[in-house]
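Single-letter residue listing:
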Amino acid sequence: MGQSASAAAIPSRRENNHRHRSKSKATALISPMLAADESDEVLESVTDYISDLPDECLACIFQSLGSGDRKRCSLVCRRWLTVEGQSRHRLSLNAHTDLQPVILSLFSRFDAVTKLALKCDRRATSIGDEALALISLRCRNLTRLKLRACRELTDAGMLAFAKNCKALKKLSCGSCTFGAKGMNAVLENCSALEELSVKRLRGIGPDGSAVEPIGPGVAASSLRTICLKELYNGQCFGPLIIGAKNLRTLKLFRCGGDWDKLLQVIAERVTSMVEIHLEKLQVSDVALAAISNCLDLEILHLVKTPDCTNVGLISVSERCKLLRKLHIDGWKSNRVGDEGLISVAKSCPNLQELVLIGVNPTKASLETLATNCPNLERLALCGSDTVGDPELLCIAAKCGALKKLCIKSCPVSDVGLEGLASGCPNMVKVKVKKCRLVTPEGADSLRAKRPTLAVNLDTGEPPQDASASDGGAQDNPAVELLPLATQPAFPDIASSSTGRSASFKSRLSLLSGRTLVACTLRRWVSRNS
């Protein structure tokens, strides 16, 4: 726009920036008492070394900064703006519909992006197929894509994206509306895909007969991680999971349907899995017996699966001897207990982390775990009615390698906590929460005896109002009647950004009014005295 015609008559951009920065830096070093000729000598002697830095070095500096600092650096000069844009590989954008007009200019600046997140507010209209196609044309080297609440995207848009971004390695989508065809388009075109995470894919509705199978596609051989969350028909991903012969991690959260039969087929075909998460899933001991075929299994999470019992846990422990991390949320069903835990202790000597929620172990199982699992470093016991002072004293005496201990909602007291003062020599952190018999004095005593141990006590009781004991408004009965007159008026406008109700605002204003009146009364009293 006219700049090219005058470019030959002025020095280069780098020389201009060099002169400008040299002058500003030199001026900061000049004393007001110096004469004009002396200041000229100082200006000539100062060198701006930043201008001599290669763009590659400047880009390395920018990459070590946070997002906010990078934005501020891009405003320094045109060179910094260009280098900052070309060196940015990760970008997160509000994927509202008004993003489409600026896509070309935006990705002309950020032309090296490999990791992109497109997130839209639930109340707003998201970008559509055309916008995603434009982005895919400008970011052909994209390796990671995250889509959140992009409800205007359809199968056609995902097909166009998949054809242009075949180097994609990680795809995460949540609350989107495209369906099985769009997902299959990605699996058929992105042969390097390693990680797939799908949550609430609305294009796959509750009508199972209308959903076509997903996978396996060319991506099946490269997939290492599959995570499915809150899907009505998550089982339509069965062909993909079965075809992923090199799958290492499988996570299934709150997906409908009976998964026993499918997990039997999966465990027969895919035996390389080392990590399995099952949460709020309809599975039983049949599925656990199938999972035991994964002899390399190291991490197992069973969260709120009430049909899983000691029988299934025993079958897993007896064959999966490399187990390192075990999380069980029994959901107060009392179907997993000492029998299953003793089997784990005897069969899995490499156990390093054990989390038990709503499970009732006794001293017998805890002592067996401590004796047979010498590498146990992290232990969490939550909502266990049988874990009291004897069990805690057993842990303190037997678990020599334990580093972190969490006790929540268990009937332990200061007596059990006292045992940690002389036990568990490698312990670095203890967290006690909602244990009514443990007092602050008991925690202070443990801190005094072991100063290097981090003791975190949360009694679960709300903190007391400090204003009531500081001579504030509530100590003076006359103050209670005054805030109504000093209460500021708030307009009756709903705020979409904060979502706070008018009653909350009125309570907030009431408290501010009390504080204001209390401060005024204190000033009057001090003046009169």
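All values derive from a computational prediction rather than experimental measurement.

Some details on helix 18 (residues 440-449)
Thought 1: Residues Gly442, Ala443 and Leu446 constitute the buried set of helix 18. End-on view of helix 18: buried residues confined to an arc of 100°, all on one side of the axis. Across helix 18 from its buried face, at more than 90 degrees, point the exposed residues Glu441 and Ala448.
Thought 2: In this structure, the buried side of helix 18 is in contact with helix 17 (414-419) and strand 15 (454-458).

Concerning the packing of aromatic side chains
Thought 1: Scanning the model with the defined rule gives one aromatic pair in all.
Thought 2: Where phenylalanine 62 meets tryptophan 80, the ring centres are 5.6 Å apart and the plane angle is 70°; that geometry is what we call edge-to-face. Placement of the pair is phenylalanine 62 in helix 3 (residues 55-63) and tryptophan 80 in helix 5 (residues 78-86), with a sequence separation of 18 residues. This pair shows no difference in class: phenylalanine 62 is buried, exactly as tryptophan 80 is.
Thought 3: Between the NZ or CZ atom of lysine 229 and the centre of the ring of phenylalanine 253, over which it lies, the distance is 5.3 Å.

Considerations on the packing of helix 7 (residues 129-138) against helix 8 (residues 155-164)
Thought 1: Two numbers describe how helix 7 lies on helix 8: the axes approach to 8 Å, and their chain directions differ by 5°. Comparing the axis directions of helix 7 and helix 8 gives the class roughly parallel. Contacts between helix 7 and helix 8 involve Asp129, Leu132, Ala133, Ser136 and Leu137 from the first element and Ala156, Gly157, Met158, Ala160, Phe161 and Asn164 from the second.
Thought 2: Looking at the contact of helix 7 with helix 8, its residues break down into seven nonpolar, three polar and one charged.

As for the packing of helix 15 (residues 363-372) against helix 16 (residues 389-398)
Thought 1: Two elements in contact, helix 15 and helix 16, have axes whose closest approach is 10 Å; the angle formed by their N-to-C orientations is 10°. With respect to helix 16, the element helix 15 is oriented roughly parallel. Contact residues: helix 15 offers Lys363, Leu366, Glu367 and Ala370, while helix 16 offers Glu391, Cys394, Ile395 and Lys398.
Thought 2: Class assignment of the residues belonging to the contact of helix 15 with helix 16 gives a composition of four nonpolar, no polar and four charged.

Some thoughts on the pairing of strand 7 (residues 249-253)
Thought 1: Judged by how many residues are buried, strand 7 sits mostly within the fold: four of five residues are covered.
Thought 2: Note that strand 6 (residues 225-229) and strand 7 share five bridges and pair parallel. What sits directly across from leucine 228, in strand 7, is leucine 252.
Thought 3: Note on the crossover from strand 6 through helix 10 (residues 238-243) to strand 7: the handedness is right-handed.
Thought 4: Note that strand 7 and strand 8 (residues 275-279) share five bridges and pair parallel.

Considerations on the nonpolar core
Thought 1: Judged by nonpolar contacts, the single largest core of 119 residues is most densely connected at Leu116, Leu118, Leu147, Met183 and Phe237.
Thought 2: With four residues, helix 9 (residues 180-189) is the single largest residue contributor to this core.
Thought 3: Ignoring anything within four residues of it in the chain, the contact list for methionine 183 reads Leu171, Cys173, Phe178, Leu196, Val198, Leu201, Ile214 and Phe237.
Thought 4: In terms of nonpolar packing, the next biggest core, distinct from the first, is built from seven residues, Ala59, Phe62, Cys73 and Trp80 among them.

What to know about the pattern of salt bridges
Thought 1: Per the stated rule, a full pass over the model turns up 16 salt bridges.
Thought 2: Between arginine 254 and glutamate 279 there is a salt bridge, and its shortest N-O distance comes to 2.8 Å. Of the two residues, arginine 254 is situated in the loop between strand 7 and helix 11 (260-269) and glutamate 279 in strand 8; the sequence distance between them amounts to 25 residues.
Thought 3: For arginine 254, a relative accessible area of 30% translates into the label partly exposed.

Quick notes on the rules
- Residues numbered from 1 in each chain as written.
- Predicted model: local features only at pLDDT ≥ 70, side-chain atom pairs only at ≥ 80, totals over all residues.
- Heavy atoms only, no water.
- Buried < 20%, exposed > 50% of the residue type's maximum accessible area, 1.4 Å probe, protein only.
- Helix = DSSP H or I, 4+ residues; strand = E, 2+ residues; numbered from the N terminus.
- Arc of directions from axis to C-beta.
- Contact = heavy atoms within 4.5 Å.
- Phe/Tyr/Trp six-rings, centres within 6.5 Å; stacked < 30°, edge-to-face > 60°.
- Lys NZ or Arg CZ within 6 Å of the ring centre and 35° of its normal.
- Axes fitted to C-alpha atoms, helices over the stretch in contact; angles between N-to-C directions.
- Parallel < 35°, antiparallel > 145°, perpendicular 65-115°, else oblique.
- Nonpolar A, V, L, I, M, F, W, Y, C, P; charged D, E, K, R; others polar.
- Pairing = 2+ DSSP bridges.
- Right-handed = clockwise from strand over helix to strand, strands pointing away.
- Core = buried A, V, L, I, M, F, W, Y, C linked by side-chain atoms within 4.5 Å.
- Salt bridge = Lys/Arg side-chain N within 4 Å of Asp/Glu carboxyl O.

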